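Chain by chain, the residues run as shown.
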Amino acid sequence: NISDLRPSSFILASIPGLEAAHFWMAILLCSMYIVAVTGNCAVLFIVKTEPSLHAPMYFFLCMLAAIDLALSTSTVPRVLSFYWFNTREISFGACLVQMFLIHTLSAIESTVLLAMAVDRYVAICHPLRHAAILTNAATVKIGLVALARGVLFFLPLPLLLLPLPFCNSRLLSHAFCLHQDVMNLACANATPSVVYGLTAILLVMGLDAILICLSYILILKAVLRLASWKERLKVFSTCVAHICVVLAFYVPLIGLSVVHRFGKGLAPLVHIIMGNVYILVPSVLNPIIYGVRTKQIQRRILNLIHIYNN
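Because the structure is a prediction, the values reported are computed rather than measured.

Following both chains from N to C, one finds helix H1 (residues 22–49) and helix H12 (residues 268–293) inclined at 30°, their axes separated by 7 Å at the closest point. With respect to H12, the axis of H1 lies roughly parallel. Judged by the sense of rotation from one axis to the other, the crossing of H1 with H12 is left-handed. Of the residues in H12, those touching H1 at Met25, Leu29, Met32, Tyr33, Val35, Ala36, Gly39, Asn40 and Val43 are Ile272, Asn276, Leu280, Val281, Ser283, Val284, Pro287 and Ile288. Split into classes, the residues belonging to the contact of H1 with H12 amount to 13 nonpolar, 4 polar and no charged.

Below, the structure written as structure tokens:
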């Protein structure tokens with residue numbers, strides 16, 4: 001009976017020998033989480049209250065901020081509870097829900113990053129058609145497609161794990177639940193889950209990464225056709241923030257995937273660090289990058305600070 005072999009809970013991973021440092025690690029994570037929540041909420045508030053920012057580029061930025069808020073909030077409070085109160089167990093159902101949210105939100109973020117790359121391509125290569133192609137209605141439709149794409153591709157992941165027996169260890173490699181991590185604890189043939197998980201990642205994140213690279217190849221070709229280096233730098237500078245955000249998302253994602261596929265012999269500390277970087281670093285960096293690189297957001301933040309100080 002599969003239900004008899006299904007664990008009631010999983011055990012979240014701690015770092016052997018560093019249990020005493022959990023309190024200070026939690027302080028660091030909590031600080032990063034506060035920065036992520038504050039920064040992303042500020043982006044949402046500024047775009048909502050500033051009519052001049054009601055454009056597709058900033059709507060995509062709002063989507064990114066909302067996704068980062070949801071992703072960090074679905075994991076960090078549970079991790080902090082573990083580090084501060086030593087609540088190491090997470091129920092089987094809660095683990096599957098958290099796993100679904102992490103992978104689905106990551107897929108939605110990947111799609112939004114692709115949409116932002118297309119926005120940059122149209123703005124630079126077809127500036128006269130930009131307003132006609134990327135209307136507000138089209139932006140909303142892209143957001144809905146991103147949501148549907150993430151849910152449809154990654155909903156099967158927890159469903160494929162439900163029939164599997166778990167008769168061995170219940171100890172995870174992270175302080176939260178990931179598909180690869182939970183799947184490795186199954187004591188039956190998990191090939192369908194392995195194949196589907198890899199296929200979903202390649203068809204969503206992998207395909208998005210290729211299309212983003214293609215967009216920037218076309219952008220570079222258009223930029224290099226400009227007459228002077230000053231014009232080239234001015235035009236390409238509009239893409240710098242997006243490139244940084246893409247790197248902040250894909251580098252931790254690739255790093256975590258490599259650690260799971262090829263890092264079986266690595267120290268647990270490596271798995272813990274890579275997992276926390278994947279969950280928190282993009283959420284912290286994204287609002288900072290766009291706050292530094294976008295003059296309209298900078299100006300609005302300075303105005304708010306000035307009003308508050310007065």
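Turning to unusual backbone geometry, a few remarks are in order. With a phi close to 60°, Asn86 is a non-glycine residue in the positive phi region. Checked against the element boundaries, Asn86 lands in the loop between helix H3 (76–85) and strand E2 (89–91).

In this section: the packing of aromatic side chains. Within the structure shown, the criterion is met by 6 aromatic pairs. When the ring of Phe10 is compared with that of Phe166, the centres are 5.7 Å apart and the planes differ by 80°; the resulting orientation is edge-to-face. Placement of the pair is Phe10 in strand E1 (residues 9–11) and Phe166 in the loop between helix H7 (156–161) and helix H8 (179–183), with a sequence separation of 156 residues. Its relative accessible area of 0% is what places Phe10 among the buried residues. Taken together, the aromatic side chains of Phe10, Phe92 and Phe166 make up a single cluster linked through ring pairs. It is Arg232 that lies over the ring of Trp229; its NZ or CZ is 4.8 Å from the centre.

One finds Phe10 and Leu113 to be the most contacted residues of the largest nonpolar core, which totals 82 residues. Sorting elements by how many residues they give to this core places helix H4 (residues 92–125) first, with 15 residues. Those residues in contact with Phe10, other than ones at most four positions away along the chain, are Arg88, Glu89, Ile90, Phe92, Cys95, Phe166, Arg170, Leu172, Val182 and Leu185.

Glancing now at a positive patch on the surface. Taken together, the side chains of Lys230, Lys234, Lys295 and Arg299 define a basic patch exposed on the protein surface. Mapped onto the positive patch, the elements with two or more residues apiece are helix H10 (229–236) and helix H13 (295–309).

Atomic detail in the predicted coordinates should be set aside for any region of low pLDDT. For the chain, mean pLDDT is 87; residues scoring 70 or higher make up 95% of the total. H13 is the least confidently modelled element of the chain, averaging 71 in pLDDT, while helix H6 (residues 136–154) averages 95, the highest of any element.

Relative to the helices and strands, Met57 is located in helix H2 (residues 56–73). Residue Met57 is classed as partly exposed on the basis of its relative accessible area of 24%. For the pair Met57 and Leu101, spaced 44 residues apart in sequence, the C-alpha to C-alpha distance is 25 Å. Contacts of Met57, omitting those with residues within four sequence positions, involve Asp119, Arg120 and Tyr290.

The rules we used
Residues numbered from 1 in each chain as written. Predicted model: local features only at pLDDT ≥ 70, side-chain atom pairs only at ≥ 80, totals over all residues. Heavy atoms only, no water. Axes fitted to C-alpha atoms, helices over the stretch in contact; angles between N-to-C directions. Helix = DSSP H or I, 4+ residues; strand = E, 2+ residues; numbered from the N terminus. Parallel < 35°, antiparallel > 145°, perpendicular 65-115°, else oblique. Left-handed = near helix turned anticlockwise from the far one by under 90°. Contact = heavy atoms within 4.5 Å. Nonpolar A, V, L, I, M, F, W, Y, C, P; charged D, E, K, R; others polar. Phe/Tyr/Trp six-rings, centres within 6.5 Å; stacked < 30°, edge-to-face > 60°. Buried < 20%, exposed > 50% of the residue type's maximum accessible area, 1.4 Å probe, protein only. Lys NZ or Arg CZ within 6 Å of the ring centre and 35° of its normal. Core = buried A, V, L, I, M, F, W, Y, C linked by side-chain atoms within 4.5 Å. Patch = residues over 30% accessible without salt bridge, like charges linked within 9 Å, V, L, I, M, F, W, Y side chains within 5 Å. Areas by Shrake-Rupley, 256 points an atom, 1.4 Å probe, with all protein chains shown as cover. Salt bridge = Lys/Arg side-chain N within 4 Å of Asp/Glu carboxyl O. Lys, Arg positive; Asp, Glu negative; His and termini not counted. Charge placed at Lys NZ, Arg CZ, Asp CG, Glu CD. pLDDT = per-residue confidence, 0-100.

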